[in-house]
Amino acid sequence: VSHELRTPLTAIKGFVETLLDGATERPEDLQRFLKIIARQTERLNSIIDDLLALSRIEQQTETSEIPLEKGRIKDLITESVELCQHRASQKAITLEPECDPELEGKINPLLLEQAIVNLIDNAVKYSDPGSLVQIRAYRSETDKKVLIEVQDHGNGIAKEHLPRLFERFYRVDKARSRKLGGTGLGLAIVKHIVQAHYGMVTVESTLGRGS
C-alpha cells in the first residue's frame, strides 16, 4: 500500500516544487504540470476509495454483516452491462449478456453488481476495439450453484500470472494498468465479494485469445 501511495504522492510533490521554483511564469509548463497533478490526485483518490471498499467488505464478511437476499440474477447482469456500456461504446466493443430471466440466487445486489462491473470493466480495458465481451449467468448442472462468467477476446494472460491475479496490487502489465487507470485492487475486491456470497472466483486464459 505504501508503495502504491508513494508513487503519485512523489509525482505531486515534485511538480508542486517545480511550480514553486518559478515554472508558473511559463504558461505552457503551468498547464502541463497542473494536468499531471490533477491526474495523480485522481489516482490517489481511486486507490483510497478501493482500499476502503476492500476493508469494509473484509470486515463485514468476518462479522457476517453482509445481508444476502433472494434476487434475480438477470436484473443484476442488465444493470451491470448498462453501467459499462459507455466505456464499451468508446471502443466499439459489444457487450453481450445471456441469462435466464428465472435464474435466482441469494445475493447482496449492490456488492455483486460491483463485482460484475469490475470484471466487465477489466474485459473492456484489455480488449481490442470492435471486439466482443460476453456475460453469461446460469445454474451448474452438477452442484446447482449459480455461475457468472465474463469472457473477453482480448490479449489473454500468461499462465505464470494466473495464480496471483486476485492478489492486492498484483498487475500483469504495471505500466499499462496504470495508464488505463487501474488501481490494482479491482480483482481483489471481486474475490472478497464472491467469498462473501460463499462462492469462489477462478480465471482461465489463453495468450492472444482472451480470458
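All figures in this text were calculated on a predicted structure; none of them were measured in a lab.

Caption draft 1: Here's a closer look at the packing of helix H3 (residues 73-90) against helix H4 (residues 109-125). At a minimum axis separation of 9 Å, H3 and H4 run at an interaxial angle of 35°. Of the two possible hands of crossing, H3 and H4 adopt the one that is right-handed. Residues Leu76, Ile77, Glu79, Ser80, Val81, Leu83, Cys84, Arg87 and Ala88 of H3 touch H4, and the partners they reach there are Pro109, Leu112, Glu113, Ile116, Val117, Ile120, Asp121, Val124 and Lys125.

Caption draft 2: Broad picture of the side chain of serine 140. Tracing the backbone shows serine 140 in the loop between strand S4 (132-139) and strand S5 (146-151). Assessed through its relative accessible area of 9%, serine 140 is described here as buried. Only 3.0 Å separates the side chain of serine 140 from the side chain of aspartate 143, close enough to count as a polar contact.

Caption draft 3: Up close: the environment of glycine 182. If you trace the backbone, glycine 182 turns up in the loop between helix H5 (174-179) and helix H6 (186-196). Considering only alpha carbons, one finds glycine 182 and arginine 171, eleven residues apart in sequence, at a separation of 9.1 Å.

Caption draft 4: Layout of H4. For H4, built from 17 residues, the straight-helix expectation of 24 Å at 1.5 Å per residue is met to within 8% by its first-to-last C-alpha distance of 24 Å. Burial runs high along H4: twelve of the 17 residues are buried. When we look at burial in H4, the residues that qualify are Leu111, Leu112, Glu113, Ala115, Ile116, Val117, Asn118, Ile120, Asp121, Ala123, Val124 and Lys125.

Caption draft 5: Region of the structure containing the side chain of glutamine 134. The residue glutamine 134 is located in strand S4 in this model. On the basis of relative accessibility, which here comes to 15%, the residue glutamine 134 falls in the buried class. Among the polar contacts listed, one links the side chain of glutamine 134 to the side chain of histidine 153, at a separation of 2.9 Å. With near-sequence residues (within four places) excluded, glutamine 134 lies in contact with Glu96, Glu149, Val150, Gln151 and His153.

Caption draft 6: Inspection of the nonpolar core at higher detail. Membership of the largest hydrophobic core comes to 41 residues, with the highest contact counts inside it found for Ile73, Ile77, Leu95, Ile120, Val133, Ile135 and Ile193. Those elements that place two or more of their residues in this core are helix H2 (27-62), H3, strand S2 (94-99), H4, S4 and H6. When residues in this core are grouped by element, the largest group, eight residues, is from H4. Membership of the second largest hydrophobic core comes to six residues, among which are Ala23, Phe33, Ile37 and Leu44.

Caption draft 7: Highlighting unusual backbone geometry. One non-glycine residue, phenylalanine 169, lies in positive phi territory at about 65°. Within the secondary structure, phenylalanine 169 sits in the loop between S5 and H5. Non-glycine residue tyrosine 198 carries a positive phi angle of around 60°. Relative to the elements of secondary structure, tyrosine 198 occurs in the segment after H6. Relative accessible area serves as the criterion here: at 65%, tyrosine 198 is assigned to the exposed category.

Caption draft 8: Examining the packing of aromatic side chains more closely. Applying the stated criterion across every chain, the model contains one aromatic pair. Judged by centre distance (5.0 Å) and plane angle (45°), the rings of phenylalanine 15 and phenylalanine 33 are tilted. Note that phenylalanine 15 is positioned in helix H1 (residues 2-20) and phenylalanine 33 in helix H2, a separation of 18 residues in sequence. Taking the relative accessible area as the measure of exposure, phenylalanine 15 reaches 23% and is therefore partly exposed.

Caption draft 9: Quick look at the state of the cysteines. Enumeration over the complete set of coordinates arrives at zero disulfides. Counting only cysteine sulfurs, cysteine 99 is the nearest neighbor of cysteine 84, a cysteine outside any disulfide, at a range of 16 Å.

The rules behind each value
Residues numbered from 1 in each chain as written. Predicted model: local features only at pLDDT ≥ 70, side-chain atom pairs only at ≥ 80, totals over all residues. Heavy atoms only, no water. Axes fitted to C-alpha atoms, helices over the stretch in contact; angles between N-to-C directions. Helix = DSSP H or I, 4+ residues; strand = E, 2+ residues; numbered from the N terminus. Left-handed = near helix turned anticlockwise from the far one by under 90°. Contact = heavy atoms within 4.5 Å. Buried < 20%, exposed > 50% of the residue type's maximum accessible area, 1.4 Å probe, protein only. Polar contact = N/O pair within 3.5 Å; in protein donor to acceptor, adjacent residues only side chain to side chain. Expected span 1.5 Å × (residues − 1). Core = buried A, V, L, I, M, F, W, Y, C linked by side-chain atoms within 4.5 Å. Phe/Tyr/Trp six-rings, centres within 6.5 Å; stacked < 30°, edge-to-face > 60°. Disulfide = S-S within 2.5 Å.

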